[in-house]
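# Structural overview for review
These are the residues of each chain, in order.
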Amino acid sequence: MNPKKLVKLSNTIGTISILLLVYWVFTFISIQVFGLKVFRENMTETFYMSVLGILALMIGALIINVMFNLTRIAQKHNQDVQTEKSNNKKTALFLLSFPVLFLLLFAGDYLTSRKKEKVLIQSAQAIIENNKINSDKLINYEFTEEWILKTAEILTVFSKTDKHFPQVSVLVKDTIGKSPAILGFTRYYHGNLKDTILPKKNDFIRQTTQVERDYLNKVFNNNLKELRYSTHDGSYELFYPFTKDNKTIVLYFSDYQQYGKIGS
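This text gives an overview of the structure that appears in the document. (Residues numbered from 1 in each chain as written. Predicted model: local features only at pLDDT ≥ 70, side-chain atom pairs only at ≥ 80, totals over all residues. Heavy atoms only, no water.)

This part is about helix α6 (residues 210-222). In a regular helix each residue adds 1.5 Å, so 13 residues correspond to 18 Å; α6 covers 17 Å between its end C-alpha atoms and thus fits that length. Along α6, the positions that sit buried rather than exposed are Glu212, Tyr215, Leu216, Val219 and Phe220. Down the axis of α6, the sector holding all buried residues measures 125°, keeping them to one side. What points out from α6, more than 90 degrees from its buried face, is the exposed set Val211 and Asn222. Its buried side turned inward, α6 meets β1 (167-176), β2 (179-185), β3 (228-232), β4 (235-244) and β5 (247-256). Looking at the residues trailing α6, positive phi occurs at Asn223, about 60°. (Helix = DSSP H or I, 4+ residues; strand = E, 2+ residues; numbered from the N terminus. Expected span 1.5 Å × (residues − 1). Buried < 20%, exposed > 50% of the residue type's maximum accessible area, 1.4 Å probe, protein only. Arc of directions from axis to C-beta. Contact = heavy atoms within 4.5 Å.)

In the structure shown here, the tally under the stated rule is nine aromatic pairs. Taken together, a centroid distance of 5.0 Å and an interplanar angle of 80° make the contact between Trp147 and Phe185 edge-to-face. On the criterion of sequence distance, the pair formed by Trp147 in helix α5 (residues 145-161) and Phe185 in strand β2 is long-range, its members being 38 residues apart. Just as Trp147 is buried, Phe185 falls in that class too. Its guanidinium or amino end placed over the ring of Tyr252, Arg206 lies 4.2 Å from that ring's centre, counting from NZ or CZ. (Phe/Tyr/Trp six-rings, centres within 6.5 Å; stacked < 30°, edge-to-face > 60°. Lys NZ or Arg CZ within 6 Å of the ring centre and 35° of its normal.)

A word on a nonpolar patch on the surface. Nonpolar side chains collect at one region of the surface, where Leu93, Leu96, Val100 and Leu104 lie side by side and expose about 410 Å² of accessible area between them. On the secondary structure map, Leu96 appears in helix α3 (residues 77-129). (Patch = residues over 30% accessible without salt bridge, like charges linked within 9 Å, V, L, I, M, F, W, Y side chains within 5 Å. Areas by Shrake-Rupley, 256 points an atom, 1.4 Å probe, with all protein chains shown as cover. Salt bridge = Lys/Arg side-chain N within 4 Å of Asp/Glu carboxyl O.)

Moving on, we come to the pattern of salt bridges. Summed over the entire model, instances satisfying the criterion amount to four salt bridges. When the shortest N-O distance is used, the salt bridge between Glu117 and Arg114 registers 2.9 Å. Taken together, the positions of Glu117 and Arg114, both in helix α3 and three residues apart, correspond to about one turn of that helix. Look at Arg114 and you get partly exposed, because its relative accessible area is 29%.

One finds Ile127, Val170, Val172, Phe185, Ile249, Leu251 and Phe253 to be the most contacted residues of the largest nonpolar core, which totals 31 residues. Going through the elements one at a time, α3, α4 (132-139), α5, β1, β2, β4 and β5 are the ones with two or more residues in this core. Here this core gets seven residues from one element, more than from any other, and that element is α5. Dropping the residues within four chain positions of it, Ile249 is found in contact with Leu138, Ile139, Val170, Leu171, Val172, Phe220, Tyr240, Pro241 and Phe242. One finds Ile182, Phe220, Phe239 and Val250 within the second-largest nonpolar core, a separate group that totals nine residues. (Core = buried A, V, L, I, M, F, W, Y, C linked by side-chain atoms within 4.5 Å.)

You will see that Asp245, though not glycine, has its phi angle at about 55°, which is positive. For Asp245, a relative accessible area of 61% translates into the label exposed. The phi dihedral of Asn246 falls on the positive side, at around 65°, and the residue is not glycine. Looking at the secondary structure, you find Asn246 in the loop between β4 and β5.

Here we take up the sheet that holds β4. Sheet architecture is open: five strands sit in the order β2-β1-β5-β4-β3, paired in antiparallel fashion. Of all strands in the sheet, those bounded by a partner on one side alone are β2 and β3. Averaged over neighbouring strand pairs, the angle between their axes works out to 20° when direction is ignored. Both β1 and β5 contribute to a ladder of five bridges, which runs antiparallel. (Pairing = 2+ DSSP bridges. Axes fitted to C-alpha atoms, helices over the stretch in contact; angles between N-to-C directions.)

Time to look at the pairing of β3. Bridge count between β3 and β4: five bridges; the pairing is antiparallel. When the bridges of β4 are listed, Arg228 appears paired with Phe239. Hairpin remark: β3 followed by β4, antiparallel, with two residues in the connecting loop; positive phi at Asp233, about 50°.

Another aspect to go through is the side chain of Glu145. Summarising the element assignment, Glu145 is placed in helix α5. Taking the relative accessible area as the measure of exposure, Glu145 reaches 6% and is therefore buried. Side-chain polar atoms of Glu145 contact the side chain of Tyr189, separated by 2.9 Å. (Polar contact = N/O pair within 3.5 Å; in protein donor to acceptor, adjacent residues only side chain to side chain.)

Listed below in structure tokens is the structure:
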């Protein structure tokens, strides 16, 4: 291969490497700033490591150019005009590619969120539909240590059955004194019926935002059946109301994932 072809090849490799590096940086910044969860763990790690390969290509192309030192100084007038027009089109396409890439990243994050929502809803339905006896125990809420222990036991069984099972709490409406309160119960309760110190409602108060309180009040007071799903920066939450015999509880699922669901 003659020197001119080597220089042309190295220029092509260098240009492609620069473009890939620009796209990589843009993608990385978009994912980090907006908390997008797009690719699965192995694809994300491969994506991050690819910058080393890109830099290696750029350095190799630069060395070839320096070795042969055959950069062209000037072009004929007609060729320059034609090249300028061609470059304008390429520049326009290059700039247009960034919003397209940004939209694709948001689409990937959206698909990840929808997949996670489906998983959380399926988990809630499994608790309700596949375990009628346990569902009845959960719905028959009483603030007693026996009910709290049974709830913790039920949730522990579900969490140990599937290693990917999300965190789940049972939310109920109660009163402390004369004030209404939302109480939350998880599998992390280690008391026993022989304890002389009884549990206190204050220890189970569920901290909520104003938006969540408005939603829960509609569920408990107005029999709202609508699910509430939200996601932010890799955190996923699902409120799943369950009503039976005029009694209502809410299954609250929360999960966090560092990576997305797109890819293998």
